Amino acid sequence: MALLQKVVGTIFLYVLTKAIYLIYLHPLSKYSGPKSWILSRIPYLVYMNSGKLPFRIKELHDTYGSVVRVSGDELSINDPQAWRDIYNRRDMLRPSQWGGRPPGVEAHSLISAPAADHARFRKALNPAFSEKATREYEPVVRAYIEKLLSRLDVAATKGPVDIVEWANFTTFDIISEITWSKSYGCLDKATGHAFMGVLLHFQAFLVAASIKYFPWLDRLLAVITPKSAFRLLEDIFQDTHERLHARSMIKEPSHADLVGHLKLHQEQAADADKFREAEIEQNILTVIVGGSETLTTAISGAFHHLLASPRVLSKLVHEIRSSFAKEAHIDTNALSKLPYLNAVIDETLRLCPPFPDMLRRQVPASGAIIAGHAIPSHTTVSVSCYSMFKSASYFSDPDSFLPERWIDGRDGAEAREAFHPFALGPHNCLGQPLARMEMRLMITLILWRYDVGISKGDSLRKWDEQKIYWTWEKQPLLVGLSNVDA
Ligand code: HEM
C-alpha cells in the first residue's frame, strides 16, 4: 500500500512539475493557446482523427490571434510573412511524425528525404514538370478529358452524375499516363482502381502519424503488427516495379512522360545526382498521389461553388462560350488568358484548398525568425491553408465565393501574399503548371459541352460540412448535365 502511494505520489509530482514547466517556463510559454492542448497532444490528435482539426485551428486563430500554441512544442502561424520565413528555407523539413517512410521501405521520397536528397530528387524531377514539359502533356490531358466527356454523354442520359467520382477517375488516369505512358484505366472501366483505395486512404495515414507522437507505441506496433497487414502496400510496390519494367521495354513511347524524363536524367547526370532504382519507385508513387487527389478536390470544389452560385456560373459560361468559335479552338494557352476562369480557379483554391491542413515543418537547430518571432529549435511550425485563406484579416467577406476579388483587387496586396495554395520554396508543389492546365481544360470543356445544374429534389450541402483527413473527405456531388448540342 505504501509503495502504491509512493508511485502515485511520484507520478502526480511529475505531472504537476511538467504542467508548470509547459505553461509557465517553456520557451513557447509566451504564446497563447488552449491549456489542455499545451499540456497534452491528445486533444489535437482527437480533432485530427475526427476530421475536424483545420476547422478547430481556424477557430483558435480567431480567438488567440495570428500565433497559436497548439501543443507543447508546436505553433500554428496565420501571418502571410510566415509563408516566406518557413517554406523558403531548405533546412525546415517535415517533423519526423510527418516525414516517415512506409513500413519496410528504405528508400526516401520527396516527402521523407533529408535536405540533400530532397534537392537531388527535385533536380531530377523538376524538368519533367516545368512549364515547357507540361505543354507537351497537353494532348494527353486533352485526350483523357475527351474520354471523360464521352463517358459523361452516356452516364448523363441515366440521371445526374457524381462529379467527384468522375473527376477522380480522370485525374488518376491522367497522372498515371503522364508518369509511365499507361493509365490505370479507370475511365475505360468507369470504376476506380483497387490501389486508389489504399493510396488515397488518408485517414490511415493520419492514424500512422498520430502513433508516431508516442514513440513507445510506434515501436511496439512495429513489433506486433503482422506482415500481412501491409500486403496491399506491398502489392502496390510490386505493381509499380512491374509497370516501370514494362515502360522500360518501350523504346519510343507515343508521348513524353515522366519515366522518359528520368531516363534522360539518369543518362546525363553525374553519379552523385542520379536516382537509385528504389528511390524512383517511391517518388513516382508520391507524384501519383500528389497529382490525382488534389485535382479531384479542385475540380469538385469548383463545381460545388459554381452550382451554389448561379450568378458566377452564368458569368463563367458566358466567358467561355463567347471566347471560342468552336471546341477545337480551346487550348490551355488561350484559357490562361481568360480572367474570369482563372479567378474562379483561384477562388476555388481559396475556399477548397486541396491541402487544407497544416503544412508542418520543424525549426532547425539554429532556430528561426518567423513573422518577426524568434522561434526556438525543434519547434513544429506551420501555416494552415484553411485558416489563412478564410481569414477576415486578409480577405473581405472571406466565406463567400467571389471570383471578382482576384480581378478588382479589393483585398489589396496582402491577400496575394496570404494566398499560396501550392506553397512556396524548395518543397512547393512540383505539379503546379500541370494542375492549372488540368483545371482550366476540365472545367472549360465540361461547361462548353453541358449546361450544368442541381437536379430537382437534390440540394447542395455546405462544402465545409465535409471532414478533413489531411485532405477533404469528399461526399458525392450529383450534377445534372444536359448536352448543349442535343
Ligand atoms: C490543385 C492542385 C494542387 C495543389 C493545390 C497542390 C498543392 C501542393 C502543396 C501545398 C504542396 C506542399 C505540401 C507540403 O508542403 O507538405 C504540394 C506538394 C507536392 N505536389 Fe502538389 N498540388 C496540386 C497538384 C499537384 C499535381 C498535379 C502534382 C503532379 C506532379 C503534384 C505533385 C506534388 C508533389 C510531388 C509534391 C511534393 C513536393 C516536395 O515535397 O518537394 N501536385 N502540392
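Residues numbered from 1 in each chain as written. Predicted model: local features only at pLDDT ≥ 70, side-chain atom pairs only at ≥ 80, totals over all residues.

For the protein, the name recorded in an unreviewed UniProt entry is Cytochrome P450 ClCP1, with Trematosphaeria pertusa as its organism. UniProt's Cofactor (unreviewed entry) comment on the protein is quoted here verbatim: "heme". (UniProt positions renumbered as here; feature names shortened; annotations may be inferred.)

A.B. asks: Can you help me understand the overall build of the protein in this one?
C.D. replies: Of regular secondary structure, the protein possesses 23 helices and 11 strands. For 486 residues, the compact-globule estimate of 2.2 N^0.38 gives 23 Å, and the C-alpha radius of gyration of the protein, at 24 Å, lies within 12% of that figure. When its C-alpha atoms are laid out on the principal axes, the protein stretches across 85 × 55 × 45 Å. Taken over 486 residues, the protein has a buried fraction of 38%. In the protein, once contacts between residues fewer than 6 apart in sequence are set aside, the share between residues at least 24 apart is 76%. (Helix = DSSP H or I, 4+ residues; strand = E, 2+ residues; numbered from the N terminus. Rg over C-alpha atoms; globule rule 2.2 N^0.38 Å. Buried ≥ 20, exposed ≤ 12 C-beta atoms within 10 Å, placed from the backbone. Contact = placed C-beta atoms within 7 Å.)

A.B. asks: Could you clarify how one ought to interpret the site of the ligand in this entry?
C.D. replies: In the vicinity of the ligand, 24 residues are found, and the nearest of them are G290, G291, C429, G431 and A435. Secondary-structure elements contributing two or more residues to the shell around the ligand are helix 15 (277–290), helix 16 (293–308) and helix 23 (432–449). Tallied by class, residues from the shell around the ligand come to 17 nonpolar, six polar and one charged. (Near = placed C-beta within 6 Å. Nonpolar A, V, L, I, M, F, W, Y, C, P; charged D, E, K, R; others polar.)

A.B. asks: Please explain unusual backbone geometry as it appears in this structure.
C.D. replies: Peptide bonds are mostly trans, and most non-glycine residues show a negative phi. Within the chain, D397 stands out as a residue other than glycine whose phi angle is a positive 45°. Look at W470: it is not a glycine, yet its phi comes out positive at around 70°. Note on placement: W470 falls in the loop between strand 9 (468–469) and strand 10 (471–472). For W470, a count of 20 C-beta atoms within 10 Å corresponds to the buried category.

A.B. asks: Sorry if this is basic, but what is going on with the packing of helix 17 (residues 310–323) against helix 23 here?
C.D. replies: When two helices pack together, their arrangement is given by the angle between the helix axes and the distance between those axes. Remark: helix 17 packs on helix 23, axes separated minimally by 10 Å, with the N-to-C direction vectors making an angle of 85°. Between helix 17 and helix 23, the angle is such that the two are roughly perpendicular. Judged by residue contacts, L316, V317, I320 and R321 of helix 17 engage T444, L447 and W448 from helix 23. Here the contact of helix 17 with helix 23 is composed, by residue class, of five nonpolar, one polar and one charged. (Axes fitted to C-alpha atoms, helices over the stretch in contact; angles between N-to-C directions. Parallel < 35°, antiparallel > 145°, perpendicular 65-115°, else oblique.)

A.B. asks: Which parts of the structure should I look at to understand the pairing of strand 8 (residues 450–453)?
C.D. replies: The side chains of a regular strand alternate, residue by residue, between the two faces of the sheet. Side chains Y450 and V452 project from strand 8 onto a buried face, and the interleaved D451 and G453 project onto a face without burial. Both strand 8 and strand 11 (residues 478–483) contribute to a ladder of four bridges, which runs antiparallel. Residue pairing across strands places D451 opposite S482, the latter belonging to strand 11. (Pairing = 2+ DSSP bridges.)

A.B. asks: Where do I start with the UniProt feature "binding site: heme" (unreviewed entry) in the protein in this structure?
C.D. replies: UniProt's entry tags C429 with the feature "binding site: heme" (unreviewed entry), counted in the numbering of this structure. Looking at where C429 falls in the secondary structure, it is placed in the loop between helix 22 (413–418) and helix 23. C429 gets classed as partly exposed once you count the C-beta atoms within 10 Å, which come to 19.

A.B. asks: Help me understand the sheet that holds strand 3 (residues 161–162), please; the structure alone is not making it clear to me.
C.D. replies: Strand pairs in the sheet, formed through backbone hydrogen bonds, run parallel or antiparallel to each other. Strands sit in the order 3-11-8 across an open sheet of three strands; the sheet is antiparallel. A single partner strand is all that each edge strand has here, and the edge strands are strand 3 and strand 8.

A.B. asks: Can you walk me through the sheet that holds strand 7 (residues 380–384) in this structure?
C.D. replies: Spatially, four strands are ordered 1-2-7-4 in an open sheet, and the strand pairing comes out mixed. Taken across any chain shown, the strands that pair with only one partner, and hence form the sheet edges, are strand 1 (67–71) and strand 4 (358–362). Each strand axis lies, on average, 30° off the axis of its neighbour in the sheet, ignoring direction. Bridge count between strand 2 (residues 74–77) and strand 7: three bridges; the pairing is parallel. Across the sheet, E74 pairs through a bridge with T380, a residue of strand 7. Seen against the sheet, helix 4 (residues 53–64) touches strand 1, strand 2, strand 4 and strand 7 and runs at an angle of roughly 135° to strand 1.

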